[in-house]
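# Report on the structure
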Amino acid sequence: MKNTIKIVALILGVVLIHSCKKDTRFLITETSVGPLTQTTTVKEMESVFVQDSVVGDTAQISLGVSPKTIEIYETGGKHLLTLKANSDSIPTIENVRIMDPRYVSEKGIGLQSTFKDIRNNYEIKKIVTTLNSIVVFPKGSNLYFTIDKEELPEALRFSSSNIEAVQIPDEAKIKYLMLGWN
């Protein structure tokens, strides 16, 4: 009887540990986005995203050339990622644009986050003002966040001058979430 209790306790322990494993399919780290890593080559895309659809320029693929832009779609058609390949002799991914809100950083930031979430979780290195948006670059991170100028106070929407973090409303939503690998 004691052995049976020990076996049941061991099985329950293993099941509990296994169920507590963090799902990393939609986790963004400094060196990975889900199953994609910084060292994954373009040729490996089909095997990395085996259950998803990998779409590239079919003309380039038929010529044996790696496509510059690759899109990843979940079975069912949901757009997950848009990838930009570098032009090295063995091309890898240099830029990832997150398209699906299920992807979140290790600090919990994703497409449904706000500027306040970014500010509370990252030290801001710099903010770049473009014609229609601002790009927020966190210190010590490969991630960067784009916020549409429509999220800013009206007086700043048409400004081409530098915008400071204190001028961005806490509730400003992230338009684009990207990860750049050099």
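### Some points on the overall build of the protein
A tally of regular secondary structure across the protein gives five helices and 12 strands. Looking at the 182 residues of the protein, the share that counts as buried comes to 40%. Sequence-distant contacts in the protein: of pairs separated by 6 or more residues, those separated by 24 or more amount to 46%. Surface exposure of the protein reaches about 11100 Å², of which carbon and sulfur atoms provide 55%.

### Concerning the pairing of strand β11 (residues 143–148)
In terms of burial, β11 is largely enclosed, as six of its six residues are buried. Bridging between strand β10 (residues 133–138) and β11 involves four bridges; their strand directions are antiparallel. When the bridges of β11 are listed, S133 appears paired with D148. Connecting β10 to the next strand, β11, in antiparallel fashion are four residues, including G140 with a positive phi near 70°. In the sheet, β11 pairs with strand β12 (residues 176–180) via four bridges, with the strands oriented antiparallel. Residue pairing in the sheet places L143 in a bridge with L179 of β12.

### With respect to the sheet that holds strand β6 (residues 79–85)
On the basis of which strands lie adjacent, the open sheet formed by eight strands has the order β4-β5-β6-β7-β12-β11-β10-β9 and antiparallel pairing. Each end of this open sheet is capped by a strand with a single partner; those strands are β4 (53–56) and β9 (124–129). Direction aside, neighbouring strands of the sheet carry axes that sit 20° apart on average. With four bridges joining them, β4 and strand β5 (residues 69–73) adopt antiparallel strand pairing. Across the sheet, residue V55 finds its bridge partner in β5, namely E71.

### Re the packing of aromatic side chains
Counted by the stated rule, this structure contains three aromatic pairs. Between the aromatic rings of F26 and Y103, the centroid separation amounts to 4.9 Å while the plane-to-plane angle is 75°, which identifies the pairing as edge-to-face. Of the two residues, F26 sits in the loop between α1 (2–19) and β1 (27–28) while Y103 sits in the loop between β7 (93–98) and β8 (104–105), which places them 77 residues apart along the sequence. As far as burial versus exposure is concerned, F26 and Y103 are alike and both buried.

### Examining the confidence of the model for the protein
When pLDDT is averaged along the protein, the result is 85, and 81% of the positions lie at 70 or above. Helix α3 (residues 58–62) is the least confidently modelled element of the protein, averaging 46 in pLDDT, while helix α4 (residues 115–121) averages 97, the highest of any element.

### Description of the side chain of S159
Here S159 is to be found in the loop between α5 (154–157) and β12. Classification of S159 by relative accessible area gives buried; the value is 15%. Separated by 2.7 Å, the side chains of S159 and S161 make a polar contact. With sequence-adjacent residues up to four places away left out, S159 is seen in contact with T129 and K149.

What counts, and at which threshold
Residues numbered from 1 in each chain as written. Predicted model: local features only at pLDDT ≥ 70, side-chain atom pairs only at ≥ 80, totals over all residues. Heavy atoms only, no water. Helix = DSSP H or I, 4+ residues; strand = E, 2+ residues; numbered from the N terminus. Buried < 20%, exposed > 50% of the residue type's maximum accessible area, 1.4 Å probe, protein only. Contact = heavy atoms within 4.5 Å. Areas by Shrake-Rupley, 256 points an atom, 1.4 Å probe, with all protein chains shown as cover. Pairing = 2+ DSSP bridges. Axes fitted to C-alpha atoms, helices over the stretch in contact; angles between N-to-C directions. Phe/Tyr/Trp six-rings, centres within 6.5 Å; stacked < 30°, edge-to-face > 60°. pLDDT = per-residue confidence, 0-100. Polar contact = N/O pair within 3.5 Å; in protein donor to acceptor, adjacent residues only side chain to side chain.

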